[in-house]
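# Structural description and commentary
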Amino acid sequence: MVHRGQILSFVSDPGDGADAASYQHFPEGAMLVEDGRIAALGPAAAILPKLPRDIPVTDHGRNLLLPGFIDNHIHYAQSDVIGAGGRQLLDWLNDYTFVEERRFGDPEHAREVADFFFDELARNGTTSALVFCTVHPESVDAFFGAAARRRLRMIAGKVLMDRNAPKDLCDSPAAADTESRALLERWGGQDRLHYAITPRFAPTSSPAQLQVAARLAQDFPEAFIHSHLAENHAEILWVKELFPAARSYLDVYDGYGLLRERAIYAHCIYLDEADRRRMAASGAAAAFCPTSNLYLGSGLFDLAVSDAAGLPFSVATDVGGGSSFNMLRTLDEARKVARLQGEDLSPLRAFYLATLGAARCLRLDGQIGTLEPHSEADFIVLDLEATPLIARRTAAAQSLSDTLRILMTLGDDRAIKATYILGRQVHGVPAAAGMSRSA
Ligand SMILES: [Zn+2]
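First, a word on scope: everything that follows refers to the structure included in this document. (Residues numbered from 1 in each chain as written. Predicted model: local features only at pLDDT ≥ 70, side-chain atom pairs only at ≥ 80, totals over all residues. Heavy atoms only, no water.)

## Some details on the pattern of salt bridges
Under the definition given, this model contains 31 salt bridges. For the salt bridge of Asp-13 with Arg-349, the shortest nitrogen-to-oxygen distance reads 3.0 Å. One end of the pair, Asp-13, is in the loop between strand S1 (2-10) and strand S2 (23-34); the other, Arg-349, is in helix H13 (residues 347-353), with 336 residues separating them in the sequence. Beyond isolated ion pairs, a larger network of salt bridges with shared partners links Arg-153, Arg-192, Glu-376 and Asp-378. (Salt bridge = Lys/Arg side-chain N within 4 Å of Asp/Glu carboxyl O. Helix = DSSP H or I, 4+ residues; strand = E, 2+ residues; numbered from the N terminus.)

Here it is as C-alpha cells:
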C-alpha cells in the first residue's frame, strides 16, 4: 500500500526549529508500506514511478502524515479518574486513585478498561505508550493481553507498592518479586511488548522492596524501569523523612541501581543540577507531563535547565492526573509551561518530542517514532480541516511551523483523521484506495 499526502518525519531534535536538517518534510509525499513496515519514503514524484502500476494508493490530500504519537507516562487504570477532584497529589492519590485502582484485581473489569484505553489511544493518535498498571498481576495480564491482540508496541508493568497505601492495595517484597518475575517471563519480549519494573514512587516502597526492584533490574537488563520523581513539595519532604541518608529524591532510586538506559521518571520538576546531570549520565530520561502538573498544581518542568544539563525528556499525558489523552492538547500545555518561565517550545520541537524524541528516550528509535524506511508502520493522519477554524487557519499558514503551531493550539481528537498500526488502519473512516499513481 502507498500513502500519499503531506509527510513529516524527524531525524534529530529541531530545537528552536531553525535547523531544516532535523526533519524530512514532503509537501507532496509518498510512503510505501510493506508487511507492516515502511519500505520507502520521499517525494511522490520520486517514489511512485518506481512502483508497479497496480499498487493500491491511498491519497490523504493535503492532510499531514506523521509517526504515531508516543506517550511516555500514562496510567491505564486511571482512565476513570480523569477529571476527579482538583487537589494536590497526595490527597488525590488517597481520595480518588487508590479507590479506583482497587477494582483492578477483577480481571473482567481490567479487561474492559484496557479495551476502552486502547480505543481511546487510537482515537487520539497515540500508537505506543509506557504505562502503569496496578499492583494486581491481573491488571497486567489484561493490559498485555489486549495490547497483544491489537499488535501494539507497548511497555507496562505491575506496580510495586508495599507501604503507605491502603492495605488491600499493598503487595510485599516477596510477592513483588515472584509476581514481577512471572510477568516478565510471560510478557517481556512477546511480539511488540516490553516489561517495565514499576515501583509507584519511593514513599510507597520499603527499602526491602526497592532492593527487590534492584535485583529485578539486574536480572532483566533489557527491562524498562518506570516511576515518579520530584513532582510535588509535600512528596519531596516525605521522601526526605523516609530516606534521610539519601542526598536527594533521585539519589534514593540511584542507591538501588534504578537509573540506567530505558529508565523513565515522570515529572522531574524539583531536581537540582547534580540530579539532572546524574540522570543524563545514567542514560535515564524524564517524562514531562504538563496537563497533570497544571491540573494538580504540582509545578513547572524547566525545559531550558534540562537541556543545559543534557537530560533527555519527552512529553507525556499522565492520565488520570493529566486532563487529556490527546497529545496535541498536551503539547499546547507544554508550550504554555515553557512560556510561563520565559522559555519557548517551538512547534517543530513539540512534535519531535511526541514522536522521535520519545522513542529515543525509550531507546526504541529505529522501530517507532519515525517514518524512515525499515521502521514499523505506526503512523497517523492529522486533519488540516478538522474544524472550520483549523481549516481557515491552516489554509493561511505560511510554513510548516505555522501549520504545526495551529494544530497544537486548536487541535484535539477531532484532528486525528486516521491511525495505523503496522500499516493497518485502526481508527478513522477507511480511506478509499485507488490506483492513481500519477505524481
Ligand atoms: Zn503518573
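Read on for the rest.
## Regarding the packing of helix H4 (residues 137-150) against helix H5 (residues 173-187)
The axes of two packed helices give the description: the angle between them and the distance between them. With their axes 11 Å apart at the nearest point, H4 and H5 run at an angle of 10° to one another. On the basis of their axis angle, the class for H4 and H5 is roughly parallel. On H5, the residues that touch Pro-137, Val-140, Asp-141, Phe-144 and Gly-145 of H4 are Glu-179, Leu-183, Arg-186 and Trp-187. The residue makeup of the contact of H4 with H5, split by class, is five nonpolar, one polar and three charged. (Axes fitted to C-alpha atoms, helices over the stretch in contact; angles between N-to-C directions. Parallel < 35°, antiparallel > 145°, perpendicular 65-115°, else oblique. Contact = heavy atoms within 4.5 Å. Nonpolar A, V, L, I, M, F, W, Y, C, P; charged D, E, K, R; others polar.)

## As for the pairing of strand S12 (residues 285-288)
If a strand is regular, its side chains alternate between the two faces of the sheet. Neither face of S12 is open: one carries Ala-285 and Ala-287, the other Ala-286 and Phe-288, and all of them are buried. Judged from the three bridges that link them, strand S11 (residues 263-267) and S12 form a sheet pairing that is parallel. Bridge pairing in S12 links Ile-264 to Ala-285. As a crossover connection, the stretch from S11 through helix H9 (residues 273-282) into S12 is right-handed. Bridge count between S12 and strand S13 (residues 313-315): three bridges; the pairing is parallel. By the bridge assignment, Phe-288 is partnered in S13 with Val-315. (Buried < 20%, exposed > 50% of the residue type's maximum accessible area, 1.4 Å probe, protein only. Pairing = 2+ DSSP bridges. Right-handed = clockwise from strand over helix to strand, strands pointing away.)

## Description of the environment of Arg-192
Note that Arg-192 resides in the loop between H5 and strand S9 (193-199). In this structure the C-alpha to C-alpha distance between Arg-192 and Arg-151, which are 41 residues apart in sequence, comes to 6.7 Å. Among residues more than four places away in sequence, those in contact with Arg-192 are Arg-151, Leu-152, Arg-153, Met-154, Ile-368, Glu-376, Asp-378, Ile-421 and Leu-422. Of note is the side chain of Arg-192, whose polar atom sits 2.9 Å from the backbone oxygen of Arg-151. (Polar contact = N/O pair within 3.5 Å; in protein donor to acceptor, adjacent residues only side chain to side chain.)

## What about the coordination of the zinc ion?
Each protein donor to the zinc ion is listed here as His-73 (NE2), His-75 (NE2), His-228 (NE2) and Asp-318 (OD); together their distances run 2.1 to 2.3 Å. Counting gaps between the donor residues of the zinc ion yields the pattern H-x1-H-x152-H-x89-D. Placement of the pair is His-228 in strand S10 (residues 224-229) and Asp-318 in the loop between S13 and helix H12 (327-340), with a sequence separation of 90 residues. On the basis of relative accessible area, His-228 is assigned to the buried category, the value being 6%. (Donors = N, O, S within 2.8 Å, 3.2 Å for Na, K, Ca; no water.)

## Topic: the pairing of strand S3 (residues 37-43)
Here S2 runs beside S3; their pairing, made up of six bridges, is antiparallel. Directly across from Met-31, in S3, lies its bridge partner Leu-41. Counted between consecutive antiparallel strands, the loop separating S2 from S3 contains two residues, among which Asp-35 sits at a positive phi close to 50°.

## Some points on the side chain of His-109
Within the fold, His-109 resides in helix H3 (residues 107-123). When residues no more than four places from it in sequence are discounted, the contact partners of His-109 are Glu-100, Arg-103 and Phe-104.

## Remarks on the packing of aromatic side chains
Two aromatic rings, taken as a pair, are described by how far apart their centres are and by the angle between their planes. One pass over the structure, following the stated rule, counts 19 aromatic pairs. Between the aromatic rings of Phe-144 and Tyr-195, the centroid separation amounts to 6.4 Å while the plane-to-plane angle is 40°, which identifies the pairing as tilted. With a gap of 51 residues between them, Phe-144 in helix H4 and Tyr-195 in strand S9 connect regions that are remote in the sequence. Here Tyr-195 falls in the buried class, since its relative accessible area comes to 3%. (Phe/Tyr/Trp six-rings, centres within 6.5 Å; stacked < 30°, edge-to-face > 60°.)

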